Amino acid sequence: MAEHGHEHVRVAVVGSGFGGLGAAVRLRREGITDFVVLERAGSVGGTWRDNSYPGCACDVPSHLYSFSFAPNPDWPRSFSGQEHIRAYLEHVTDVFGLRPHIRFNSEVKRMTWDTERLRWDVETSSGHLSADVVVSATGPLSDPKIPDVPGLDTFPGKVFHSARWDHDYDLCGKRVAMIGTGASAIQIVPAIQPEVAQLTLFQRTPAWVLPRMDRPISGAERALHRALPFTTKLRRGLLWGVRELQVQAFTKHPGELGFVEQLAKRNMGRAIKDPALRAKLTPDYRIGCKRILLSSTYYPALAQPNVDVVAGLSEVRGSTLVAADGTETEVDAIVFGTGFHVTDMPIAERVVGAEGRTLAETWAGGMQALRGASAAGFPNWMTIIGPNTGLGNSSMILMIESQLNYMADYLRQLDVLGGRAALDARPSAVSAWNHRVQERMKRTVWNTGGCTSWYLDASGRNTTIWPGTTSEFRRATRSVDLAEYAVLRAPAGTGDADRENAEVTA
C-alpha cells in the first residue's frame, strides 16, 4: 500500500534463491500477500542461477534437496545438476504465483530502521520502499571471494571466479590454473580436464573425497512417484533419516569417523597410483572437519598426464603463477574456486539498526543471532540461513523450512500484539542462545578436527554450522518465545516508539 506517497509493504524479502522463494510461498500460505521479493538479478535461483560452471551439481540427493511442500517426482538423477535445480526453482515460482511479488534488478543498497515509525526504509537500485518486516534471504553463498594475491593485477590472461563463469571464453587448448580444492573445484576439474592443454591445480589444503553414488532415476521410478506421491515422501524420509543418524559422529564422537577416512583413502587409491601424488592429496586432518566432498571423477582426472597438482598460489608475475612450494607455471587463464564471503556477508554492511550501527559493526566480533534468525538491535529483521544454521552432512532445505516456521510465528505474534509493533531480540537472549551453541560446538569435528575451514570466522570461532540434528533445530524454531524479545510500540497518534520491558509470559 502507499503511505504518504511512499510505497509501503508489510514484508520485504531480500533474495530469490531457496530461502527467499520459500519465504514467499510461506507468506502466501499464511494469507499474507502484501509483500515484495527484492532480487538483484534478472531471474530467480540465487546460487543455482549464479553458479553455472561446467559440472555444477548438488552433493545432496535430489529428493532431499527440494521443498517438502513442493515435491518433484521427475528429478532426472539422484544428484541433480545445476540446470535441473534452477528449473525446479523457476517451477516453484510459477506454481505458487510468486512472480507478481518479485522485483527483479532491485539490489538492496541500504536498509535503515526508523525508530519512530517502527519500520524499515529500504533503498534499492530500482527505487525506495518501506516495510514493517524484512526477511533477509541473501544466503551465505552469494558473494564470491577472491583472495588478495600479490601481482594478480599484472596477469594478462583471463581471470574469473567459479560463481561468475565466463561462458564466452573458450578453455579448449588453453593452459588453465584452478585455484582451490573445494566443492566447486572438484566438479570443475574433471569437467574441463579433457579439453584444456594443461591444467594446474593450486592446492592449499587437500580435501577428503568419497565416491558420488549418482545415477539416472529411471522412468519407472518417476512414474511411480507421480502415481503414488507418498513414495516420494518415503524416499525423502529415508534420505533424511540416514543423515540424522550420522550427526552424532560429527557432533559428539569424531573418532568414529576414522572408518570413513579409510573408505576415502581406498577411493583415492583406486585412481591415484603414484605414491607421491597420493601423499600430496591425503589430508592431515580428521574427515568431516571440512565438508566431505563427493566425486567419482575428481581423482581420475588428477591422474591424467595434462594435470599437475602444486601447492597454494602465493604470487602472480605476469603470466607466471608461483606456488607456495616455489613451483612456477605459465598459464593463459585463472579460475578461482575460492568460496564466498560467508562469515563477513556484504549484506551486513547495508543493514543499519536501531542504534545507527550496521549489522557488520554489530557482528565485528563474530556473527550471532537468536535461533539463527534475529540480531539484537535490529527489530523486525530476520535472516534465513543465519549464523549457526549451516549443515555438514544434510540438506539446507530442512533448515530453511524450520526458519520459515519461525518467521510465520513471528508474524503471528506481531498480529496478536496489534497496532504498530516490533520485536527486538534481547541481547541477553541472543547471548544465551549463542553460548549454548558454542558450548556444544567445542566437541564437534568442525572444531576439533585439526583444520582451518570456511566454517570459522577470522577469530577461529565457528559461526556457521549447527551442532545438532535438523529435528533439534526444527523443535527450537517451532515458535517464537516472546520472553526472548523486547516489544516496541508506537502509540496511536504519535511517532514515538516506547520500549516495553514488562514481563511477557508464554
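Our subject is the structure listed above.
So, here's what we can say about the structure. (Residues numbered from 1 in each chain as written. Predicted model: local features only at pLDDT ≥ 70, side-chain atom pairs only at ≥ 80, totals over all residues. Heavy atoms only, no water.)

1. Quick word on the pairing of strand β14 (residues 313-317)
Turning to step 1, where the next piece is worked out: Note: β14 against strand β15 (residues 320-323), four bridges, orientation antiparallel. Residue pairing in the sheet places Leu313 in a bridge with Ala323 of β15.
Turning to step 2, where the next piece is worked out: In sequence, β14 turns back onto β15 through a hairpin of two residues, with Gly318 there showing a positive phi of about 65 degrees. (Pairing = 2+ DSSP bridges. Helix = DSSP H or I, 4+ residues; strand = E, 2+ residues; numbered from the N terminus.)

2. Section: the side chain of Ser106
Turning to step 1, where the next piece is worked out: One can find Ser106 in the loop between β4 (102-103) and β5 (108-114).
Turning to step 2, where the next piece is worked out: A distance of 3.1 Å separates a polar side-chain atom of Ser106 from the backbone oxygen of Phe104.
Turning to step 3, where the next piece is worked out: A distance of 2.6 Å separates a polar atom in the side chain of Ser106 from a polar atom in the side chain of Ser126.
Turning to step 4, where the next piece is worked out: Setting aside residues no more than four positions away along its own chain, Ser106 makes contact with Leu38, Glu39, Arg40, Thr124, Ser125 and Ser126. (Polar contact = N/O pair within 3.5 Å; in protein donor to acceptor, adjacent residues only side chain to side chain. Contact = heavy atoms within 4.5 Å.)

3. Regarding the pattern of salt bridges
Turning to step 1, where the next piece is worked out: Here the structure, examined in full by the defined rule, presents 31 salt bridges.
Turning to step 2, where the next piece is worked out: Here Asp415 ties to Arg10 by a salt bridge, and the two come within 2.6 Å at their closest N and O atoms. On the criterion of sequence distance, the pair formed by Asp415 in helix α11 (residues 396-417) and Arg10 in strand β2 (residues 6-14) is long-range, its members being 405 residues apart.
Turning to step 3, where the next piece is worked out: The buried category is assigned to Arg10, whose relative accessible area is 19%.
Turning to step 4, where the next piece is worked out: Several salt bridges share partner residues, and in doing so they unite Arg26, Glu30, Asp409 and Arg412 into one network. (Salt bridge = Lys/Arg side-chain N within 4 Å of Asp/Glu carboxyl O. Buried < 20%, exposed > 50% of the residue type's maximum accessible area, 1.4 Å probe, protein only.)

4. Some points on the state of the cysteines
Turning to step 1, where the next piece is worked out: Following the criterion strictly, the structure yields one disulfide and no others.
Turning to step 2, where the next piece is worked out: One disulfide in the model links Cys289 with Cys451; its S-S distance is 2.0 Å. Its torsion about the S-S bond being -90 degrees, the disulfide of Cys289 and Cys451 is classed as left-handed. Of the two residues, Cys289 is situated in the loop between α8 (275-281) and β12 (293-294) and Cys451 in the loop between α13 (445-448) and α14 (470-476); the sequence distance between them amounts to 162 residues. Summarising the burial analysis for this pair, Cys289 and Cys451 share the class buried.
Turning to step 3, where the next piece is worked out: No disulfide involves Cys58; its sulfur sits 8.8 Å from the nearest other cysteine sulfur, which is in Cys56.
Turning to step 4, where the next piece is worked out: When its relative accessible area of 4% is taken as the criterion, Cys58 is described as buried. (Disulfide = S-S within 2.5 Å.)

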